[in-house]
Amino acid sequence: QVQLVESGGGLVQAGGSLRLSCAASGRTFTFSRYAMGWFRQAPGKEREFVAFISWSGGSTYYADSVKGRFTISRDNAKNTVSLQINSLKSEDTAVYYCAAGLIYGDSETRAKRTLEYGYWGQGTQVTVSS
């Protein structure tokens, strides 16, 4: 059974920073084979793509709304993926989910689709106060 567990969310003032982490585990889960993504869902809205990192860490993609403020990284030795969030805005308020998917090649289109990810965490709440 695969588990993705997010942490690091919280309440922060606009302009502040947070670092979200996602720890992956599972007896038959080889973290380094999986691309990882971060998505978010605000109340009353659909889940949306935030950031992607390939299995090797060599490719990253970001939603236009977060480019220059968010940075995704991974540590394959520790089975973790992180999302550094800077210059937070009120519109960043959402539940943030990490996800794992067998996505290979330079396909930004695939990276942004929720259906490409087979495993999801339970999410961590980020609330930005203005």
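For the structure, see preceding data.
Residues numbered from 1 in each chain as written. Predicted model: local features only at pLDDT ≥ 70, side-chain atom pairs only at ≥ 80, totals over all residues. Heavy atoms only, no water.

## Some details on the side chain of Glu-116
Line of reasoning, step 1. Looking at the element boundaries, Glu-116 is found in the loop between helix 1 (108-111) and strand 10 (119-120).
Line of reasoning, step 2. What makes Glu-116 buried here is its relative accessible area of 18%.
Line of reasoning, step 3. A polar side-chain atom of Glu-116 sits 3.0 Å from a polar atom in the side chain of Arg-110.
Line of reasoning, step 4. When near neighbours in sequence (up to four residues on either side) are disregarded, Glu-116 contacts Gly-101, Leu-102, Ile-103 and Arg-110. (Helix = DSSP H or I, 4+ residues; strand = E, 2+ residues; numbered from the N terminus. Buried < 20%, exposed > 50% of the residue type's maximum accessible area, 1.4 Å probe, protein only. Polar contact = N/O pair within 3.5 Å; in protein donor to acceptor, adjacent residues only side chain to side chain. Contact = heavy atoms within 4.5 Å.)

## A word on the sheet that holds strand 3 (residues 18-25)
Line of reasoning, step 1. Taking strand neighbours across the sheet as the criterion, the four strands line up as 1-3-8-7 in an open arrangement whose pairing is antiparallel. Bordering the open sheet on either side are strand 1 (3-7) and strand 7 (70-75), each of which pairs with just one other strand. Across this sheet, the average inter-strand angle for adjacent strands is 15°, counted without regard to direction.
Line of reasoning, step 2. Of the strand pairs in this sheet, strand 1 and strand 3 are connected by five bridges, and their pairing is antiparallel. Opposite Glu-6, over in strand 3, you have Cys-22 as the bridge partner. (Pairing = 2+ DSSP bridges. Axes fitted to C-alpha atoms, helices over the stretch in contact; angles between N-to-C directions.)

## Remarks on unusual backbone geometry
Line of reasoning, step 1. One non-glycine residue with positive phi stands out, namely Asn-79, at about 55°.
Line of reasoning, step 2. Even without being a glycine, Ser-87 presents a positive backbone phi close to 50°.
Line of reasoning, step 3. You can see Ser-87 is positioned in the loop between strand 8 (80-85) and strand 9 (94-101).
Line of reasoning, step 4. Look at Ser-87 and you get partly exposed, because its relative accessible area is 40%.

## Some details on the packing of aromatic side chains
Line of reasoning, step 1. Applying the stated rule across the entire model yields nine aromatic pairs.
Line of reasoning, step 2. Ring centres of Phe-29 and Tyr-34 lie 4.5 Å apart, and the angle between their planes is 35°; on these two criteria the pair is classed as tilted. With respect to burial, Phe-29 and Tyr-34 carry one shared label: buried.
Line of reasoning, step 3. A network of ring pairs unites the aromatic residues Phe-29, Phe-31, Tyr-34 and Tyr-119 as a single cluster.
Line of reasoning, step 4. Seen from the ring of Tyr-97, Arg-47 lies directly overhead, with NZ or CZ sitting 3.7 Å from the centre.
Line of reasoning, step 5. In this structure, Arg-47 packs its charged tip against the face of Trp-120, placed 4.9 Å from the ring centre. (Phe/Tyr/Trp six-rings, centres within 6.5 Å; stacked < 30°, edge-to-face > 60°. Lys NZ or Arg CZ within 6 Å of the ring centre and 35° of its normal.)

This is a description of form; function is not addressed.
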